Amino acid sequence: MRLTVTLLAATALTVGALYAYSNGTRQVDLPASAETTPSLAGSPVFARTGAAPLIDFSGVQARLGGEPTRVLVLGTPHLDALPEAAFTPDHLDLLVRRLGDWSPDIIAIEAVGGRTCDTLRRYGNLYPGVADGYCHDPAPALDSLQMGQPDAALAVLTTLSEWPDQPTAGDRRQLALRFFGAGEPWSAALQWSRLDPDERIAADGVTDALRERLDSMLTSRNENNLIALRLARVLDLEQLAAMDDHSADFIQVLAPPELGPVIQSVWQADHPLDADMAAARETYIGSAGAVLDGYRFLNSEPYQRYVIEGDFGRAAATPDEQAVARQYVAWWQVRGLRMAANVVEAAGNQPGARVLVIVGASHKAYFDAYLDQMHDIELVSVEAVLADPETGEDAP
């Protein structure tokens with residue numbers, strides 16, 4: 001049984017409600033009660049019950065050959081799940097400016113990469129419908145290229161290794177074609193977005209059908225377009241790192257039919273901070289400053305704890321005969337570990353780089369915990385990056 005669509009919808013509701021309609025009033029402070037959350041069954045409070053790890057890897061190795069790789073994990077709502085009236089793209093201006101001031105070298109996004117999509121397709125009998133739900137079909141580009149997806153991926157690497165300082169419009173169209181054929185549509189869209197509008201034409205192997213698909217990606221309201229592509233253009237980056245993973249959905253395939261009802265019961269249970277959090281969410285709308293505060297809120301410890309207590313932590317604490325809710329937690333953790341590994345891989349050939357990870361907010365705490373175990377990764381505070389550079393506080 002698969003819960004993919006339901007799970008994503010629930011995640012969008014959880015974090016998307018941040019941008020509920022309001023009168024535009026801003027509220028920087030979190031609810032006072034959020035700092036004194038009672039210890040619930042699903043609270044992220046842990047006690048050692050078995051052997052401790054022999055070595056504590058948290059932090060950065062004391063003696064390191066060079067600068068650490070710095071990673072900023074930015075939790076976000078899935079913006080395309082929000083009503084169009086909830087915000088306008090210009091409300092992201094201040095957020096993008098602060099992120100740009102931090103100058104990441106790599107931007108990792110919640111999209112499934114070409115190699116993983118290829119696996120999901122080849123093992124489609126084990127992942128029914130997953131590739132269709134999370135992967136763009138590379139066929140329009142591959143038909144034009146007259147090659148398979150692995151060859152297109154190699155062509156991308158070769159092209160980037162020989163990339164000129166002043167690429168022509170034809171260069172960018174050809175690279176967009178190869179990226180799309182390699183199963184990296186958002187990097188293809190980045191190349192497409194760097195063309196002038198009158199240069200976004202069917203030429204250099206780009207067909208009319210592929211042109212239409214790339215054009216549609218540039219009108220998307222999701223964060224990959226509105227934040228990642230926009231920021232990558234400002235920073236003169238040539239590609240995005242797709243770091244999502246849905247190979248863990250195999251756990252859902254093997255789970256019993258009770259998985260759906262059990263998880264629905266977990267989500268529907270009340271949390272003592274529901275009213276406080278709902279009231280706080282209503283203030284983060286109406287201006288670039290309000291939306292910036294919303295991102296600070298989403299990435300705060302009180303909100304992250306609240307999400308865990310109402311979802312994964314609660315599921316882990318739910319007793320049921322077949323430990324069905326624990327299977328949901330296993331799926332979430334495996335997916336997160338593989339996503340975090342993709343982030344490490346994306347930065348692996350650039351030690352000391354600055355990496356921005358843009359991911360659904362409910363992943364934030366888990367990514368921080370997983371990445372903190374790496375020898376040379378230093379976590380960067382979202383609050384520090386989004387603070388006003390002059391005062392250290394949010395701009396009015």
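Shown above is the structure to which this text applies.
Treat the numbers as computed from the prediction; the structure is a model and nothing was measured.

Enquirer: Would you mind going over the overall build of the protein with me for this structure?
Expert: The secondary structure content of the protein amounts to 19 helices and 5 strands. A total of 396 residues make up the protein; the buried ones form 49% of that total. Here the contacts in the protein between residues at least 6 apart in sequence split such that 83% fall between residues at least 24 apart. Counting every atom, the protein has about 18,100 Å² of accessible surface; 52% of that belongs to carbon and sulfur.

Enquirer: Looking at this structure, I do not really get the pattern of salt bridges. What am I missing?
Expert: Applying the stated criterion across every chain, the model contains 19 salt bridges. For Arg-70, the salt bridge is made with Glu-378, and the minimal N-O distance between the two is 3.0 Å. Of this pair, Arg-70 sits in strand β1 (residues 69-76) while Glu-378 sits in strand β5 (residues 377-379); the two residues are 308 residues apart in sequence, bridging distant segments of the chain. A salt bridge links Asp-244 to Arg-335; the shortest N-O distance between them is 3.0 Å. One end of the pair, Asp-244, is in strand β3 (residues 241-244); the other, Arg-335, is in helix α17 (residues 324-347), with 91 residues separating them in the sequence. Connected through salt bridges with shared partners, the residues Arg-172, Arg-194, Asp-236 and Glu-238 form a single ionic network.

Enquirer: Which parts of the structure should I look at to understand the packing of aromatic side chains?
Expert: Describing an aromatic ring pair means giving the distance of the ring centres and the angle of the ring planes. Within the structure shown, the criterion is met by 12 aromatic pairs. When the centroid spacing of 6.1 Å and the interplanar angle of 80 degrees are considered together, the rings of Trp-267 and Tyr-328 count as edge-to-face. Within this pair, whereas Trp-267 is found in helix α12 (residues 259-268), its partner Tyr-328 is found in helix α17, the two being separated by 61 residues in sequence. In textbook terms, an aromatic cluster arises when at least three aromatic residues are bridged by ring pairs, as seen for Trp-267, Phe-312, Tyr-328, Trp-331, Trp-332, Tyr-366 and Tyr-370. The ring of Phe-87 has Arg-221 lying over it, and the distance from NZ or CZ to the ring centre is 4.8 Å.

Enquirer: Mind showing me how you'd approach the pairing of strand β2 (residues 106-112) here?
Expert: Every regular strand shows the same layout, with side chains that alternate between the two sheet faces. With respect to burial, β2 is a largely interior element, 7 of its 7 residues being buried. Along β2, one buried face is formed by Ile-106, Ala-108, Glu-110 and Val-112 and the opposite face, lined by Ile-107, Ile-109 and Ala-111, is buried too. By the bridge criterion, 4 bridges tie β2 to strand β4 (residues 354-360) in an arrangement that is parallel. Of the residues in β4, the one forming a bridge with Ile-106 is Val-355.

What counts and how
- Residues numbered from 1 in each chain as written.
- Predicted model: local features only at pLDDT ≥ 70, side-chain atom pairs only at ≥ 80, totals over all residues.
- Heavy atoms only, no water.
- Helix = DSSP H or I, 4+ residues; strand = E, 2+ residues; numbered from the N terminus.
- Buried < 20%, exposed > 50% of the residue type's maximum accessible area, 1.4 Å probe, protein only.
- Contact = heavy atoms within 4.5 Å.
- Areas by Shrake-Rupley, 256 points an atom, 1.4 Å probe, with all protein chains shown as cover.
- Salt bridge = Lys/Arg side-chain N within 4 Å of Asp/Glu carboxyl O.
- Phe/Tyr/Trp six-rings, centres within 6.5 Å; stacked < 30°, edge-to-face > 60°.
- Lys NZ or Arg CZ within 6 Å of the ring centre and 35° of its normal.
- Pairing = 2+ DSSP bridges.

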